[in-house]
Amino acid sequence: MQAVTAEEGRARVLTEPVYVRPIDGAYRQCGGACLKSGSLSWFCGARQQCSLDCATARPVRRCATP
């Protein structure tokens, strides 16, 4: 039961990335690469961490609150 609760808690802190450079607000550019998809880039909030998961058929790019 604790593993499920931890997983749910982790899912709440992940947010969707922004793919076009935002005009307003403080954002940071994130980047990474996956073997099949190549180089990827996205934007997250200034205080968020970049998260890239290449284990799925389509790479999952997210922003995580520390």
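Preceding this paragraph is the structure being described.
Reading the values: rules and limits
Residues numbered from 1 in each chain as written. Predicted model: local features only at pLDDT ≥ 70, side-chain atom pairs only at ≥ 80, totals over all residues. Heavy atoms only, no water. Core = buried A, V, L, I, M, F, W, Y, C linked by side-chain atoms within 4.5 Å. Buried < 20%, exposed > 50% of the residue type's maximum accessible area, 1.4 Å probe, protein only. Helix = DSSP H or I, 4+ residues; strand = E, 2+ residues; numbered from the N terminus. Disulfide = S-S within 2.5 Å. Pairing = 2+ DSSP bridges. Polar contact = N/O pair within 3.5 Å; in protein donor to acceptor, adjacent residues only side chain to side chain. Contact = heavy atoms within 4.5 Å.

Draft legend 1. Representation of the nonpolar core within the structure. Core analysis: the biggest nonpolar cluster contains six residues, these being C30, C34, L40, W42, C44 and C63. The set of elements that each furnish at least two residues to this core consists of β2 (27–34) and β3 (38–45). Broken down by element, the residue count for this core peaks at three residues, all from β3.

Draft legend 2. Spatial organisation of the state of the cysteines. For the structure shown, the criterion picks out three disulfides. What pairs with C30 in a disulfide is C50, and their sulfur atoms sit 1.9 Å apart. Taking the torsion about the sulfur-sulfur bond, which here is approximately -65°, the covalent link between C30 and C50 counts as left-handed. With C30 in strand β2 and C50 in strand β4 (residues 49–53), this pair connects stretches of sequence that are 20 residues apart. A relative accessible area of 32% means that C50 is categorised as partly exposed. In this model C44 forms its disulfide with C63; the gap between the sulfur atoms is 1.9 Å.

Draft legend 3. How the structure looks around the pairing of strand β5 (residues 60–64). The pairing of strand β1 (residues 14–15) with β5 spans two bridges and is classified as antiparallel. Residue L14 lies in a different strand from β5, and its bridge partner there is A64. The hairpin turn running from β4 into β5, its antiparallel successor, is six residues long.

Draft legend 4. Molecular detail of the side chain of Q48. Relative to the elements of secondary structure, Q48 occurs in the loop between β3 and β4. A polar atom in the side chain of Q48 sits 3.1 Å from the side chain of T15. One polar contact links the side chain of Q48 to the main-chain amide nitrogen of G45, over a distance of 2.9 Å. Aside from chain neighbours lying at most four places away, what touches Q48 is T15, R28, C63, A64, T65 and P66.

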